[in-house]
Amino acid sequence: MSVYTPVSESELVAWLGNYSVGTLVACEPIKAGIENTNYFVTTSQGRYVLTLFERLPAHELPFYLDLMAHLARHGIPCPAPIADLSDRYLQHLAGKPAALVTRLAGASIERPDAAACAELGALLARMHLAARSYGVYLENPRGPKWWRVAARELEGFLDSQRKEFLEQEIEFQAQHRFPDLPRGPVHADLFRDNVLFEGGRISGVIDFYFAGVDRLLYDVAVCANDWCLADAASGTLDSVRCRALLAAYHAVRPLSALEREAWPAMLRAAALRFWLSRLHDLHLPRPGPMVHAHDPEHFRRILASRIAGHEAGGVPWLPD
């Protein structure tokens, strides 16, 4: 569980007075997540999620909140930010920037099948299309610039083999940027725990706080590396689930010839990003009373598997 900033009941009651959401009924820390402090908040008028932003720059926060509001208006099942009595999405609580959003029904699934992956692919494509009319720009905060910064910060924590492996992959990615790929706002963290299902259908897409503008195909690759993993020990992909994800996405937003060419490199980029972030969270953690860090070796194995498949000439399961 990750709770960096405790909030007392009296603090929360006073803070909710800035909103027209009724009186506080219950508040519960959320067990998932490693970046922000989150609570489930129930009031006499509804159910919400309270987020205290721990390290996101204040000037970036409107991008995320306004993006969620934009997508919600366009029919994407994502949390809708709640405006306070001064019509602002962003407030402060316990010394941190904070926001209140609607809490969506449903639950994440641990073992998605091909049907769930197809649901995800179609929803992700609709989300990308809906975001085209969102005019605010923020470069992916965990993109190539951050990779290099994080790699330098981690130098002293890696053995020579992993350090060389990391340097080689960053250099590969620098030579395979694919600047002409379609770009736009992407979720960039759409793992299984950030998608809610109810009755076999997606009922919610949550946690947009790694969003930014990047290649749309990168967003698909992030999903494939998590949703379509066949074997965690080897990092290999499941062909049936991967085909389902890509075919459903392609049916809504057709993939171009250049995107097909770039797919293996995008799978590698997505694996590199999460290997680096997990290494960073493990070796350079922030203090907090309840902090959870994921195992970085999981994504090192995935990256090694994507490199091996790419070098062997494989282009995994793109639609015809």
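Since the structure is predicted, the reported quantities are computational estimates derived from the model, not experimental observations.

Student: Please provide a residue-by-residue account of the environment of Arg192, values included.
Tutor: In this fold, Arg192 is placed in the loop between β6 (183-186) and β7 (195-198). Remark: the alpha-carbon pair of Arg192 and Glu119, spanning 73 residues in sequence, is separated by 12 Å. Contacts of Arg192, omitting those with residues within four sequence positions, involve Ser108, Ile109, Glu110, Pro112, Asp226 and Trp227.

Student: So what's going on with unusual backbone geometry? Which residues, and what values?
Tutor: Even without a glycine there, the phi angle at Ala188 is positive, about 75°. Along the polypeptide, Ala188 turns up in the loop between β6 and β7. Non-glycine residue Asp207 carries a positive phi angle of around 60°. Note on placement: Asp207 falls in the loop between β8 (201-205) and β9 (212-215).

Student: Mind laying out the packing of helix α4 (residues 144-154) against helix α8 (residues 257-283), listing which residues take part and the relevant values?
Tutor: As a packed pair, α4 and α8 sit with axes 10 Å apart at the nearest point and diverge in direction by 40°. Regarding the angle of α4 to α8, the classification is oblique. Considering how the two elements wind past one another, α4 and α8 form a crossing that is left-handed. Residue-level inspection shows Trp146, Trp147, Ala150, Ala151, Glu153 and Leu154 of α4 in contact with α8, the latter providing Ala269, Leu272, Arg273, Leu276, Ser277, Leu279, His280 and His283.

Student: Run through the pattern of salt bridges, naming residues and quoting values.
Tutor: Between side chains of opposite charge, pairing is possible as soon as their charged atoms come close. As enumerated under the stated definition, the model contains 16 salt bridges in all. The closest approach of N and O atoms between Asp159 and Arg162, which form a salt bridge, is 3.1 Å. Where Asp238 meets Arg241, a salt bridge forms, and the shortest distance between an N and an O atom there is 3.5 Å. Overall, the relative accessible area of 23% leaves Asp238 in the partly exposed class. Several salt bridges share partner residues, and in doing so they unite Glu35, Arg55, Arg142 and Asp281 into one network.

Student: Can you tell me about the sheet that holds strand β4 (residues 91-93), naming the residues and giving the values?
Tutor: Ordered in space as β1-β2-β3-β5-β4, the five strands form an open sheet in which the pairing is antiparallel. Edge positions in the open sheet fall to β1 (24-29) and β4, since each of these has one partner strand only. Averaged over all pairs of adjacent strands, the angle between strand axes in this sheet comes to 35°, irrespective of strand direction. In this structure, strand β3 (residues 46-52) lies alongside strand β5 (residues 96-102), joined through five bridges in antiparallel fashion. For Tyr48, the partnering residue across the bridge sits in β5 and is Thr102.

Student: For the packing of α8 against helix α9 (residues 297-311), give the residues involved together with the corresponding values.
Tutor: Two elements in contact, α8 and α9, have axes whose closest approach is 8 Å; the angle formed by their N-to-C orientations is 160°. If you check the angle between α8 and α9, you find them roughly antiparallel. Crossing of α8 against α9: the hand is left-handed. Between α8 and α9, the residues in contact are Pro264, Ala265, Leu267, Arg268, Ala271, Leu272, Phe274, Trp275 and Arg278 and His298, Phe299, Arg300, Ile302, Leu303, Arg306, Ile307 and His310, respectively. Residue composition of the contact of α8 with α9, grouped by class: eleven nonpolar, two polar and four charged.

Student: Run through the environment of Glu169, naming residues and quoting values.
Tutor: With respect to the secondary-structure elements, Glu169 resides in helix α5 (residues 160-174). C-alpha of Glu169 to C-alpha of Asp87: the two residues are 82 residues apart in sequence and 45 Å apart in space. Every residue in contact with Glu169, bar those within four places of it in the chain, is listed here: Arg268, Leu272, Leu303 and Ile307.

Student: So what about the nonpolar core? Which residues, and what values?
Tutor: Leu71, Trp227 and Trp263 are the most contacted members of the largest nonpolar core, which has 85 residues in total. Top contributing element to this core by residue count: α8, with 13 residues. Counting 16 residues, the second largest nonpolar core, distinct from the first, contains Val7, Leu12, Tyr39 and Leu100.

Student: Describe helix α3 (residues 114-130), and please don't skip the residues or the numbers.
Tutor: Look at α3: 24 Å from first C-alpha to last across 17 residues, which is about the 24 Å you get at 1.5 Å a residue. Turning to α3, its buried residues number three or more, namely Ala116, Cys117, Leu120, Gly121, Ala122, Leu123, Leu124, Ala125, Met127, His128 and Ala130. Residues of α3 that are buried make contact with α2 (61-73), β6, β7, β8, α6 (216-227) and α7 (239-252). Between the side-chain oxygen at the start of α3 and the backbone nitrogen of Ala115 there is a gap of 3.2 Å, and the oxygen is on Asp113.

Student: Give a detailed account of the packing of aromatic side chains, specifying residues and quantitative values.
Tutor: Following the criterion strictly, the structure yields ten aromatic pairs and no others. Look at Phe53 and Tyr209: their rings are 4.9 Å apart centre to centre, the planes differ by 80°, and that puts the pair in the edge-to-face class. Remark: Tyr209 occurs in the loop between β8 and β9 and Phe53 occurs in the loop between β3 and α2; sequence separation between them is 156 residues. Here Phe63 and Tyr64 contribute two aromatic rings whose centre-to-centre distance is 5.7 Å and whose plane-to-plane angle is 90°, an arrangement assigned as edge-to-face. Of the residues examined, Tyr64 reaches a relative accessible area of 0% and is grouped as buried. Three or more aromatic residues link up through ring pairs in this structure, and these residues are Phe53, Phe63, Tyr64, Tyr134 and Tyr209. The ring of Phe210 has Arg273 sitting right over it, with the charged end atom 4.7 Å from the ring centre. The side chain of Arg273 reaches across the aromatic face of Phe274, ending 3.9 Å from its centre.

What counts as what
Residues numbered from 1 in each chain as written. Predicted model: local features only at pLDDT ≥ 70, side-chain atom pairs only at ≥ 80, totals over all residues. Heavy atoms only, no water. Helix = DSSP H or I, 4+ residues; strand = E, 2+ residues; numbered from the N terminus. Contact = heavy atoms within 4.5 Å. Axes fitted to C-alpha atoms, helices over the stretch in contact; angles between N-to-C directions. Parallel < 35°, antiparallel > 145°, perpendicular 65-115°, else oblique. Left-handed = near helix turned anticlockwise from the far one by under 90°. Salt bridge = Lys/Arg side-chain N within 4 Å of Asp/Glu carboxyl O. Buried < 20%, exposed > 50% of the residue type's maximum accessible area, 1.4 Å probe, protein only. Pairing = 2+ DSSP bridges. Nonpolar A, V, L, I, M, F, W, Y, C, P; charged D, E, K, R; others polar. Core = buried A, V, L, I, M, F, W, Y, C linked by side-chain atoms within 4.5 Å. Expected span 1.5 Å × (residues − 1). Polar contact = N/O pair within 3.5 Å; in protein donor to acceptor, adjacent residues only side chain to side chain. Phe/Tyr/Trp six-rings, centres within 6.5 Å; stacked < 30°, edge-to-face > 60°. Lys NZ or Arg CZ within 6 Å of the ring centre and 35° of its normal.

These values are about where atoms sit, not about what they do.
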